[in-house]
Amino acid sequence: MLDTIEDAPTAVRGDRDVMLAAIAKDGRAVQYASEVLRADKDVMLAAAAKDWRAVEYCTSPEVLDELAVELMPARVDELTSTEELMAAVKKIWVKIKAS
């Protein structure tokens, strides 16, 4: 699935419905969405619901802030180690500071 989306034309990767369908199958598909869709809170929430690590592809600092607040507490139980938690928090923090 990811290969198909990765190789899709730009217009397809910018189509909200197509990308939401791809994200419903694999949250990591969001990495191939257009920059506009990666700044869309609903798209990012859908991706993070499938795979919390999808937040790393968010292009909007404001949406990233909201995702951090909304999703991190709910997803902590999915982490397998303290190191994984710290890595996830660090990625979000670095993106927030860079914006």
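Above this note sits the structure.
Since this is a predicted model, take the numbers as computed values, not measurements. (Residues numbered from 1 in each chain as written. Predicted model: local features only at pLDDT ≥ 70, side-chain atom pairs only at ≥ 80, totals over all residues. Heavy atoms only, no water.)

Another aspect to go through is the side chain of D26. As for its placement among the helices and strands, D26 is situated in the loop between α3 (16-25) and α4 (41-50). Among the residues examined, D26 registers a relative accessible area of 17% and is labelled buried. Among the polar contacts listed, one links the side chain of D26 to the side chain of R28, at a separation of 2.8 Å. (Helix = DSSP H or I, 4+ residues; strand = E, 2+ residues; numbered from the N terminus. Buried < 20%, exposed > 50% of the residue type's maximum accessible area, 1.4 Å probe, protein only. Polar contact = N/O pair within 3.5 Å; in protein donor to acceptor, adjacent residues only side chain to side chain.)

To continue, consider the packing of α3 against α4. Here α3 crosses α4 at 15°, and the two axes come no closer than 8 Å. Between α3 and α4, the angle is such that the two are roughly parallel. For the crossing formed where α3 meets α4, the hand is left-handed. Residues R16, L20, I23, A24 and K25 of α3 lie in contact with α4, whose contacting residues are D42, V43, A46, A47 and K50. Grouping the amino acids of the contact of α3 with α4 by side-chain chemistry returns six nonpolar, no polar and four charged. (Axes fitted to C-alpha atoms, helices over the stretch in contact; angles between N-to-C directions. Parallel < 35°, antiparallel > 145°, perpendicular 65-115°, else oblique. Left-handed = near helix turned anticlockwise from the far one by under 90°. Contact = heavy atoms within 4.5 Å. Nonpolar A, V, L, I, M, F, W, Y, C, P; charged D, E, K, R; others polar.)

A separate point is the environment of A22. Counting through the fold element by element, A22 comes out in helix α3. Along the primary structure A22 and L2 are separated by 20 residues, whereas in three dimensions their C-alpha atoms are 8.2 Å apart.

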